[in-house]
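# Coordinates in review
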Amino acid sequence: MRRSHRDESPDRLYVITSGRSDGADEALDAVTLVVAESGPTPGMQSEHAAILRMCRGPMAVVEVAAHLGLPLAVTRILLTDLLDGGRITARHPRPAPSPAHPLASPDVLEKVLVALHNL
Amino acid sequence: MHSTTSEPPTADPPRSLPPTVDQALKIAVVGGFGVGKTTLVRSVSEIRPLNTEETMTRAGTGIDDLDGVEGKRTTTVAFDFGRITLDATSVLYLFGAPGQQRFWFLWDRLFSGALGAVVLVDTRRLDDSFFAIDRLEAQGTPFVVAHNDFGEGAHTLEEIRAALDLDPQVPLLRCDARDRGSAKHVLIALVEHIRTLIAQAPR
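Thresholds, definitions, all that
- Here the residue numbering is sequential within each chain, running from 1 through the sequence in written order.
- Chains carry letters from A onward and ligands carry numbers from 1 onward, assigned in written order.
- At least 70 in pLDDT is required for a residue's local features to be given in this predicted model, at least 80 for side-chain atom pairs to be given and counted, and no such filter applies to totals for whole chains, interfaces and linings, which use all residues.
- Axes here refer to lines fitted to C-alpha atoms; in helices the fit is confined to the stretch in contact. Angles between the N-to-C directions go from 0 to 180 degrees.
- Helix and strand definitions here come from DSSP, where helices need a minimum of 4 consecutive H or I residues and strands a minimum of 2 consecutive E residues; each element is numbered from the N-terminal end.
- Convention used here: angles under 35 degrees read as roughly parallel, angles over 145 as roughly antiparallel, angles from 65 to 115 as roughly perpendicular, and any remaining angle as oblique.
- Residues are scored as being in contact if the C-beta atoms we place from backbone atoms lie within 7 Å.
- When residue character is reported, Ala, Val, Leu, Ile, Met, Phe, Trp, Tyr, Cys and Pro are called nonpolar, Asp, Glu, Lys and Arg charged, and the others, Gly included, polar.
- pLDDT measures how confident the predictor is about each residue, on a scale from 0 to 100.
- To count as a nonpolar core, a set of buried Ala, Val, Leu, Ile, Met, Phe, Trp, Tyr and Cys residues must be joined through C-beta atoms within 7 Å.
- Any residue surrounded by 20 or more other C-beta atoms within 10 Å of its C-beta is treated as buried, while 12 or fewer makes it exposed and the intermediate range makes it partly exposed; C-beta atoms here are placed from the backbone.
- In this scheme, a helix's expected span is set at 1.5 Å multiplied by one less than its residue total.

## Regarding the packing of helix α3 (residues 61-68) of chain A against helix α4 (residues 72-84) of chain A
All names here are of chain A. Contact geometry of α3 with α4 gives a least axis separation of 9 Å together with a crossing angle of 110 degrees. Taken together, α3 and α4 sit at an angle that is classed as roughly perpendicular. Where α3 approaches α4, its residues Val-61, Val-62, Val-64, Ala-65 and Leu-68 are matched on the opposing element by Leu-72, Thr-75, Arg-76 and Leu-79. Considering only residue class, the contact of α3 with α4 consists of seven nonpolar, one polar and one charged.

Next comes the structure, spelled out in structure tokens:
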């Protein structure tokens, strides 16, 4: 997690995802919360292991990406591997407002307002 | 260009979310380069703003695509974000993102489902906000406009509203993005605006 891949070459990113550029779970929003269901195992790809260590509690996809120092797109692919293997679970944002219904429910807004006032 | 907050973060904010958190919300803070997006996020965030990047590959049909190699281009754009834990079950993420036209197709995905947006403007470069405002209006995303006051003080809010051709319904307020209370006030104005829109919406 301390290592940053930020400056690494596209080749390195290619290796991390085994050459995949798509196939990520489309439901993985930037703020989907992911939680590890098990710890890392020996021989596991280091990025997968790092995710499992940092997600002992819930963490948003975007935060996982920042801590890994990897782009969101690459992070989504890695998280999809772990989801498929049952090693993490995802708590998706609900009910996602759509262009037709972009507005949040009043009780959610009330909660946000209370928290902001208390900041 | 602000790069520091006026007050340091208090104590040692918890880095982990409560284990019971199951709902994440998002608010976008958009604006031109150097207008103070990250400063505003930092002022209210419980964590030091983090940075990552979004990439998107799309067909290279753009008129500026001169290389003529294959049909695909990848665009990468970095953005900052922070968060506020609302309660035991909810967390709010704040995304600071450049609002210029060339980045917008990336935000369509990143911001989908956002509660709303804050458009941060700098009167020295109002042009940077036109596209963001147009786009948010077209999407029906609720937003407020906040003038990050760098002390130039030469323009009234009425003048800014006119220059932006802003709908009278859209709240426009002044703020100091470095100040926690001021940044908080902007977010509260946004959420209250959303509440008003809901109350007005036909059921």
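## Quick look at the confidence of the model for chain A
Averaged over all residues, the pLDDT of chain A is 85; the fraction at 70 or higher stands at 83%. Averaged over each element, pLDDT in chain A is lowest for helix α1 (residues 10-16) of chain A (75) and highest for strand β1 (residues 33-36) of chain A (97).

## Regarding the interface of chain A and chain B
Contact residues are listed per partner, giving 34 residues for chain A and 41 residues for chain B. Take the side of chain A that touches chain B: its biggest share by element is eight residues, from helix α5 (residues 106-117) of chain A. In terms of residue class, the side of chain A that touches chain B is made up of 26 nonpolar, three polar and five charged.

## As for the nonpolar core
By size, the foremost hydrophobic cluster in this structure holds 79 residues, and its most contacted members are Val-62 of chain A together with Ile-27, Tyr-93, Val-118 and Val-119 of chain B. Per element, the largest residue contribution to this core is eight residues, and it comes from α4 of chain A. Residues contacting Ile-27 of chain B, with those up to four places away along its chain left out, are Leu-92, Leu-94, Ala-114, Leu-115, Gly-116, Ala-117, Val-118, Leu-187 and Leu-190 of chain B.

## Brief notes about α4 of chain A
Residues and elements named next belong to chain A. Compared with an ideal rise of 1.5 Å per residue, which puts 13 residues at 18 Å, α4 spans 18 Å between its outermost C-alpha atoms and is within 8% of the ideal. In terms of burial, α4 is a largely internal element, eleven of the 13 residues being buried. Every buried residue of α4 is accounted for by Leu-72, Ala-73, Val-74, Thr-75, Arg-76, Ile-77, Leu-78, Leu-79, Asp-81, Leu-82 and Leu-83.

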